[in-house]
There are 2 protein chains.
Amino acid sequence: REGGREMAAWARAVRGLLLDVSGVLYDSGGDGGVPIAGSVEAVRRIKASGLKLRFCTNETQATREEFVKKLQGLGFDISVAEVTAPAPAACRILKERSLRPHLLVHNDLVPEFAEIDKTNPNCVVVGDAAENFTYANLNEAFRLLIGMEKPVLISLGKGRYYKETDGLKLDVGAYMKALEYACDVQAEVVGKPAKMFFESALAEMGVPPQQAIMIGDDIVNDVGGAQRCGMRALQVRTGKYRPCDENHPRVKPDAYVDNLAQAVDVILRQL
Amino acid sequence: REGGREMAAWARAVRGLLLDVSGVLYDSGGDGGVPIAGSVEAVRRIKASGLKLRFCTNETQATREEFVKKLQGLGFDISVAEVTAPAPAACRILKERSLRPHLLVHNDLVPEFAEIDKTNPNCVVVGDAAENFTYANLNEAFRLLIGMEKPVLISLGKGRYYKETDGLKLDVGAYMKALEYACDVQAEVVGKPAKMFFESALAEMGVPPQQAIMIGDDIVNDVGGAQRCGMRALQVRTGKYRPCDENHPRVKPDAYVDNLAQAVDVILRQL
């Protein structure tokens, strides 16, 4: 197999895997989503192999608790402690810099910010707010930002769009760009492809980047982001993968695999 | 006066004036808006002077008919034939290139596109849709664009925000940027500051750019756009003008005036 040969040279050093979730483990949708064939078993095989494992998601439509519960319901062996997600990373930044956010996020994400002071906001945090991306809410976030002496916009990811079972949806990155342009500011992106986000996932695993492999469906945010941190990265041909990704002008995965199951096959064979 | 001295050298050649409308003639708002002090009389004085006059607006929340009716109601001497606006300019482009638009615009603008074939869209036209900028409508426009072999996005302006009596609102430019980013396309901007837009206003007046002066409140879209066409441009200190505009890194008006009335005073004195 193509993937197998290409990986042979460097995959033997692997000690830890980072998995994107949506589009790799399952396809999301209004109905809760469906597992991608072979992925439930693939996660079990990784855990049995002794490799370290971290789920590295830009999911911001639910708390980690709810997100994990949904995945467990689909059959995945996953716990909250194994998940690296943007909201907790944003909370660390907010605390460090004494920032009080106005939240433009999904209702179901709000509990992640329970311990953060949100009175008299001095920054805006935007996530994938979905139905909360109303004209009124966008104007409100904009007015707060433009009224700040030095506007601070923190974005929980910069994805362009994602696929749900009922079609493509604009992702947080599009709304981030709208606010950036209107206020003439640059957002600080938390979540993939931010370097700090991958670095904290690696630190949580205790594995250096040279011994870690990222597996994702997003050529820019998963593959490109991980590679910039010194990791190897595989792109699966599931989820939001499109054939034209293979001609991407700037990012080239270390290998392609049809899906997570094939990635795990090839990686475990090298050990 | 500062403005008077600075203009003396070149204002004698003037044969035509282009006036921005919102923020120069009146301040808009949910209640229909209020005239800016002295502007009704200033328009009358321009007409009495024999100078050519063109109203050059990026207004896309109403047809020209409704827009002119509102201004007449505020006391202005203005007719539809004197107005250069983005929607008719977009219609010319759509016809020339056989483009069939999906419209993401204000309900009250739709009649401007009455004669345009909108079946089976092969482009998206975005205007200041205001309350029509819903999550569902943005996703719909996005899906149409991303599904096109070569996405064509036409934007009726690229303003960042504007002021209404109840506060600042995101303008079409912010939503244009969101769609540009999500689809990785560059919008074609119709309306100010597009060169073609100013050129058609000049052609309608029959005045070359060297003999025309633009008067507006928007440092980039009015002043910068007109100057790039070879016109002189004054910024009024009304409407969306902010003191920090006077330190703009790229655009410097040929003169500042407190308001339209003062601009007309100074210009007519040179004749």
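All values derive from a computational prediction rather than experimental measurement.

## As for the environment of B:Glu59
Residue and element names in this part refer to chain B.
Now for step 1: Mapped onto the fold, Glu59 is located in the loop between strand E4 (52-56) and helix H3 (64-73).
Now for step 2: Relative accessible area serves as the criterion here: at 19%, Glu59 is assigned to the buried category.
Now for step 3: Not counting chain neighbours up to four residues away, the residues in contact with Glu59 comprise Tyr26, Phe67 and Pro86.
Now for step 4: At a separation of 2.8 Å, a polar atom in the side chain of Glu59 contacts the main-chain amide nitrogen of Gln61.

## Here we look at the sheet that holds strand E12 (residues 212-216) of chain B
Residues and elements named next belong to chain B.
Now for step 1: Here six strands make up an open sheet; going across it, the order is E5-E4-E1-E12-E13-E14 and the pairing parallel. Looking at which strands have only one partner, the edges of the open sheet turn out to be strand E5 (83-84) and strand E14 (255-257).
Now for step 2: Strand direction decides the pairing type here: E12 and strand E13 (residues 232-236), joined by four bridges, are parallel. Among the inter-strand pairings, Met214 is bridged to a residue of E13, identified as Ala233.
Now for step 3: The strands touched by helix H8 (residues 219-228) are E12 and E13; relative to E13, the strand with the most contacts, the crossing angle is about 165°.

## Things to note about the environment of A:Phe197
Now for step 1: Its location among the elements puts A:Phe197 in helix H7 (residues 195-205).
Now for step 2: Along the sequence, A:Phe197 and A:Thr57 sit 140 residues apart, while their C-alpha atoms lie 10.0 Å from each other.

## Some words on helix H2 (residues 39-49) of chain A
Residue and element names in this part refer to chain A.
Now for step 1: For H2, the complete set of buried residues consists of Ser39, Val40, Ala42, Val43 and Ile46. For H2, the arc enclosing every buried residue in end-on projection is 165°, short of the 170-degree limit, so these residues lie on one face.
Now for step 2: Summarising the contacts, the buried residues of H2 are in contact with strand E1 (16-19), strand E3 (34-35), strand E4 (52-56) and helix H9 (260-270).
Now for step 3: Looking one or two residues past H2, Gly50 carries a phi angle of roughly 90°, positive in sign.

## Examining the confidence of the model for chain A
For residues with low pLDDT, the predicted coordinates do not support detailed interpretation.
Now for step 1: When pLDDT is averaged along chain A, the result is 93, and 96% of the positions lie at 70 or above.
Now for step 2: With pTM at 0.87, the complex prediction returns an ipTM value of 0.87.

## Details of the pairing of strand E7 (residues 123-126) of chain A
Residues and elements named next belong to chain A.
Now for step 1: Of the two faces of E7, the one carrying Cys123 and Val125 and the one carrying Val124 and Val126 are both buried.
Now for step 2: The pairing of strand E6 (residues 101-104) with E7 spans four bridges and is classified as parallel. Paired with Pro101 across the bridge in E7 is Cys123.
Now for step 3: Where E7 lies against strand E8 (residues 153-156), three bridges are found, and the strand directions are parallel. Residue pairing for E8: Val124 is matched across the bridge by Leu153.
Now for step 4: Crossover handedness for the path E7 to helix H5 (residues 135-146) to E8: right-handed.

## Some remarks on the sheet that holds E6(A)
Residue and element names in this part refer to chain A.
Now for step 1: Strand order in the open sheet formed by four strands is E6-E7-E8-E11, and the pairing between neighbours is parallel. Each end of this open sheet is capped by a strand with a single partner; those strands are E6 and strand E11 (188-190). Each strand axis lies, on average, 25° off the axis of its neighbour in the sheet, ignoring direction.
Now for step 2: Contacting E6, E7, E8 and E11, helix H4 (residues 86-96) runs over the sheet at an angle of about 155° to E8.
Now for step 3: Taken strand by strand, helix H6 (residues 172-183) contacts E6, E7, E8 and E11, and its axis lies near 170° from that of E8.

## Side note on the relation of the copies chain B and chain A
Now for step 1: Once turned by 180° and shifted 0.0 Å along the axis, chain B lies on chain A with an RMSD of 0.0 Å. What we have between these two chains is a two-fold relation.
Now for step 2: Here 97% of the interface residues in chain B have copies in chain A that are interface residues too; the copies meet face to matching face.

## Some points on unusual backbone geometry
With the exception of glycine, the majority of residues adopt a negative phi angle, and the majority of peptide bonds are in the trans configuration.
Now for step 1: A:Lys192 connects to A:Pro193 through a cis peptide bond whose omega is 5°.
Now for step 2: Position of A:Pro193 among the secondary structure elements: in the loop between E11 and H7.
Now for step 3: Backbone geometry places A:Asp184, a non-glycine residue, at a positive phi of 55°.
Now for step 4: You can see A:Asp184 is positioned in the loop between H6 and E11.
Now for step 5: For B:Asn120, which is not glycine, the phi dihedral falls at a positive 45°.

## With respect to the interface of chain B and chain A
Now for step 1: Contacts between the two partners involve 29 residues from chain B, matched on the other side by 28 residues from chain A.
Now for step 2: Both sides of the chain B and chain A interface together cover about 2700 Å² of buried area, and 64% of this is carbon and sulfur.
Now for step 3: If you look at where chain B meets chain A, you find ten residue pairs in polar contact (both at pLDDT 80 or more).
Now for step 4: Secondary-structure elements contributing two or more residues to the side of chain B that touches chain A are helix H5 (135-146), strand E9 (161-164), strand E10 (167-170) and helix H6 (172-183) of chain B.
Now for step 5: At eight residues, H6(B) tops the list of elements feeding residues into the side of chain B that touches chain A.
Now for step 6: For the side of chain B that touches chain A, the per-class residue count stands at 16 nonpolar, five polar and eight charged.

## Comments concerning the side chain of B:Asp217
Residues and elements named next belong to chain B.
Now for step 1: Inspection of the secondary structure puts Asp217 in the loop between E12 and H8.
Now for step 2: The side chain of Asp217 is buried and forms no salt bridge, while Lys240, the nearest opposite charge, is found at 5.6 Å.
Now for step 3: Setting aside residues up to four positions removed in sequence, Asp217 forms contacts with Asp20, Ser22, Gly23, Val24, Asp222, Gln235, Val236, Thr238, Gly239, Lys240, Tyr241 and Asp245.

What counts as what
Residues numbered from 1 in each chain as written. Chains lettered and ligands numbered in written order. Predicted model: local features only at pLDDT ≥ 70, side-chain atom pairs only at ≥ 80, totals over all residues. Heavy atoms only, no water. Helix = DSSP H or I, 4+ residues; strand = E, 2+ residues; numbered from the N terminus. Buried < 20%, exposed > 50% of the residue type's maximum accessible area, 1.4 Å probe, protein only. Contact = heavy atoms within 4.5 Å. Polar contact = N/O pair within 3.5 Å; in protein donor to acceptor, adjacent residues only side chain to side chain. Pairing = 2+ DSSP bridges. Axes fitted to C-alpha atoms, helices over the stretch in contact; angles between N-to-C directions. Arc of directions from axis to C-beta. pLDDT = per-residue confidence, 0-100. Right-handed = clockwise from strand over helix to strand, strands pointing away. Least-squares fit on C-alpha atoms with pLDDT ≥ 70 in both. Buried area = accessible area lost by both parts, 1.4 Å probe. Nonpolar A, V, L, I, M, F, W, Y, C, P; charged D, E, K, R; others polar. Lys, Arg positive; Asp, Glu negative; His and termini not counted. Salt bridge = Lys/Arg side-chain N within 4 Å of Asp/Glu carboxyl O.

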